Amino acid sequence: MTADKALRLKRLKIRAWRRGTREMDMILGPFCDARAASLGPTALDQFEAMLDENDHDLYLWVSGQTPPPPQYSGLVETIQRHASAL
């Protein structure tokens, strides 16, 4: 792993664990710990962009209460599967 990717993953991990709402910390933090390093470049870009979204919206998407925007649908499904396996 390159130093740039390691630094990016470290930043993403911090952002995933310190969301602002405990619910999203407990969903995105473990997902990032377990899966971020194995995400491809496109999925990693999507995850990073998704972290810029509002926590309330993220929770509604991940909990299945509202559908996610099309650009995040595959990633949200991956996060849902990961969260349900915990």
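Higher on the page you've got the structure.
Residues numbered from 1 in each chain as written. Predicted model: local features only at pLDDT ≥ 70, side-chain atom pairs only at ≥ 80, totals over all residues. Heavy atoms only, no water.

Asks: Hey, could you run me through the overall build of the chain in this one?
Replies: If you tally the helices and strands in the chain, you get 5 helices and 0 strands. When the helices and strands of the chain are listed from N to C terminus, the series reads α-α-α-α-α. Taking 12 Å as the expected radius of gyration for a compact globule of 86 residues, we find that the chain reaches 12 Å, a close match to that expectation. Of all 86 residues assigned to the chain, the portion counted as buried reaches 35%. Taking contacts inside the chain between residues at least 6 apart in sequence as the whole, the part at least 24 apart equals 55%. (Helix = DSSP H or I, 4+ residues; strand = E, 2+ residues; numbered from the N terminus. Rg over C-alpha atoms; globule rule 2.2 N^0.38 Å. Buried < 20%, exposed > 50% of the residue type's maximum accessible area, 1.4 Å probe, protein only. Contact = heavy atoms within 4.5 Å.)

Asks: In this structure, what is going on with the pattern of salt bridges? I would like to understand it.
Replies: Side-chain pairs of opposite charge can arise where the charged atoms are in close proximity. The final tally for this structure, using the stated rule, is 6 salt bridges. Across the pair Asp45 and Arg8 runs a salt bridge, and its minimum N-O distance is 2.6 Å. One end of the pair, Asp45, is in helix α3 (residues 41–50); the other, Arg8, is in helix α1 (residues 3–17), with 37 residues separating them in the sequence. Among the ionic contacts, a cluster of salt bridges with common partners joins Arg8, Asp45 and Glu48. (Salt bridge = Lys/Arg side-chain N within 4 Å of Asp/Glu carboxyl O.)

Asks: Looking at this model, I keep getting lost on the environment of Glu53. Mind explaining?
Replies: Mapped onto the fold, Glu53 is located in the loop between α3 and α4 (55–62). The partly exposed category is assigned to Glu53, whose relative accessible area is 26%. Those residues within four positions of Glu53 in sequence are excluded, and the remaining contacts are Arg19, Leu58, Trp61 and Tyr72.

Asks: Which parts of the structure should I look at to understand the side chain of Arg19?
Replies: Take Arg19: it is sitting in the loop between α1 and α2 (22–35). Not counting the four nearest positions on each side in its chain, Arg19 is found in contact with Met24, Asp25, Leu28, Leu51, Glu53, Asp55 and Leu58.

Asks: Where do I start with the packing of α1 against α3 in this structure?
Replies: It is at 10 Å that the axes of α1 and α3 come closest, and there the two elements cross at 35°. For α1 against α3, the interelement crossing comes out left-handed. Between α1 and α3, the contacting residues are Lys5, Arg8, Leu9, Leu12, Arg15 and Ala16 on the first element and Leu44, Asp45, Phe47 and Glu48 on the second. Of the residues assigned to the contact of α1 with α3, the class counts are 5 nonpolar, no polar and 5 charged. (Axes fitted to C-alpha atoms, helices over the stretch in contact; angles between N-to-C directions. Left-handed = near helix turned anticlockwise from the far one by under 90°. Nonpolar A, V, L, I, M, F, W, Y, C, P; charged D, E, K, R; others polar.)

Asks: How should I be thinking about α1 in this particular structure?
Replies: In an α-helix, one full turn covers 3.6 residues, which means residues spaced three or four apart are oriented alike. Look at α1: 21 Å from first C-alpha to last across 15 residues, which is about the 21 Å you get at 1.5 Å a residue. All of the buried residues in α1 are Leu9, Leu12 and Ala16. On an axial view of α1, the arc spanned by its buried residues comes to 65°, and they lie on one face. Opposite the packed face of α1, turned more than 90 degrees from it, sit the exposed residues Ala3, Asp4 and Lys10. Buried residues belonging to α1 abut α2 and α3. (Expected span 1.5 Å × (residues − 1). Arc of directions from axis to C-beta.)

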